[in-house]
Amino acid sequence: MLRILIIISFLAFYQYNSSAQVRPVAFEDLKVLQTRENRPVMILIMTSWCKYCLSMKNAMLRNKEISGILSERFYVILLNAEERRNIKYGGGIFQFKPSGVNTGAHELAEQLGTINGQLTFPSICFLNEKDEIIYQHQGFLEPLTMALILKSLMGPGANSIK
């Protein structure tokens, strides 16, 4: 009997944790997902060498409030700004643009993350259901600030989500 109770407790805990887990999606899958359920899109633009990017990604994925909001209300894309593969999105094909030996940036990262002619890391970009940019931010965001931004982008009733 105790064994059954432990198994049930484990399954309930696992199901609860997995439901709040952020599952990043690919740009190529976004159109199909939006036809099923319209949601705003949060894109974290980062690089593999950027420590602030990794820290912000970890905070975003591990903070229960933020991951809960993101998994329930947004589609999340993690975009490596130095991605070398072509990305099909919005009727176009975006490519890596080399700017020197082993350096460069992806066209999509530039288009979504550039503010005042500059692309810095990390950057976040929010798109509405029509693929229009509704908010951009460059630089690291503390979890509290990120939660406030997410809630403001969700609209009325946003503070009811815990």
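The structure this text deals with has already been given above.
Bear in mind the structure is a predicted one, so any value in this text is a computation, not a measurement. (Residues numbered from 1 in each chain as written. Predicted model: local features only at pLDDT ≥ 70, side-chain atom pairs only at ≥ 80, totals over all residues. Heavy atoms only, no water.)

Describing the sheet that holds strand 8 (residues 133-138)
Across the sheet, which stays open at both edges, the four strands sit in the order 2-1-7-8 with mixed pairing between neighbours. The open sheet is flanked by strand 2 (75-80) and strand 8, the only strands paired with a single partner. The average undirected angle you get between the axes of adjacent strands in this sheet is 15°. Summarising the sheet, strand 7 (residues 123-127) and strand 8 pair through five bridges and their orientation is antiparallel. When the bridges of strand 8 are listed, I124 appears paired with H137. Sitting on the sheet, helix 3 (residues 51-62) touches strand 1 (41-46), strand 2 and strand 7, and the angle it makes with strand 1 is about 150°. (Pairing = 2+ DSSP bridges. Helix = DSSP H or I, 4+ residues; strand = E, 2+ residues; numbered from the N terminus. Axes fitted to C-alpha atoms, helices over the stretch in contact; angles between N-to-C directions. Contact = heavy atoms within 4.5 Å.)

Focus: the pairing of strand 6 (residues 103-106)
Both strand 5 (residues 96-100) and strand 6 contribute to a ladder of four bridges, which runs antiparallel. In the sheet register, K97 faces strand 6, and the bridge partner there is A105. Hairpin connection, strand 5 to strand 6: the antiparallel pair is bridged by two residues, and N102 has positive phi, about 55°.

Regarding helix 3
Along its twelve residues, helix 3 runs 16 Å from first to last C-alpha, staying within 8% of the 16 Å computed at 1.5 Å per residue. Among all positions in helix 3, only C53, M56 and M60 are buried. Each buried residue of helix 3 sits inside an arc of 70° when the element is viewed along its axis, so together they form one side. Away from its buried face, by an angle of more than 90 degrees, helix 3 presents the exposed residues K51 and R62. (Expected span 1.5 Å × (residues − 1). Buried < 20%, exposed > 50% of the residue type's maximum accessible area, 1.4 Å probe, protein only. Arc of directions from axis to C-beta.)

Some points on the pairing of strand 1
The buried fraction of strand 1 is high, at six of six residues. Every second residue of strand 1 is oriented toward a common face, with V41, I43 and I45 on one face and M42, L44 and M46 on the other, all of them buried. Pairing of strand 1 with strand 2, which is carried by six bridges, proceeds in the parallel orientation. Within strand 2, the position partnered with M46 by the bridge is N80.

As for helix 4 (residues 64-73)
Residues I66, S67, G68, I69, L70 and S71 constitute the buried set of helix 4. Here helix 4 starts with a cap whose side-chain oxygen sits 3.0 Å from the backbone nitrogen of E65, and that cap is N63. (Polar contact = N/O pair within 3.5 Å; in protein donor to acceptor, adjacent residues only side chain to side chain.)

A look at the nonpolar core
If you look at soluble globular proteins, the nonpolar side chains tend to sit buried side by side. Core analysis: the biggest nonpolar cluster contains 21 residues, and M60, L70 and L150 have the highest contact counts within it. Once residues lying within four places of it in the same chain are set aside, the contact partners of L150 are I66, I69, L70, F74 and F126. Core analysis: the next-biggest nonpolar cluster, separate from the first, contains 18 residues, I45, Y75, A81 and L108 among them. (Core = buried A, V, L, I, M, F, W, Y, C linked by side-chain atoms within 4.5 Å.)

Some points on the pattern of salt bridges
For the coordinates displayed, the defined rule picks out five salt bridges. When the shortest N-O distance is used, the salt bridge between R85 and E28 registers 2.9 Å. Here R85, found in the loop between strand 2 and strand 3 (87-89), pairs with E28, found in the loop between helix 1 (2-19) and helix 2 (30-36); they are 57 residues apart in sequence, far enough to count as distant. When the shortest N-O distance is used, the salt bridge between K151 and E65 registers 2.7 Å. Here E65 lies in helix 4 and K151 lies in helix 6 (residues 143-154), a separation of 86 residues in the sequence. For E65, a relative accessible area of 27% gives the class partly exposed. Through salt bridges with shared partners, a single network forms among E28, E83 and R85. (Salt bridge = Lys/Arg side-chain N within 4 Å of Asp/Glu carboxyl O.)

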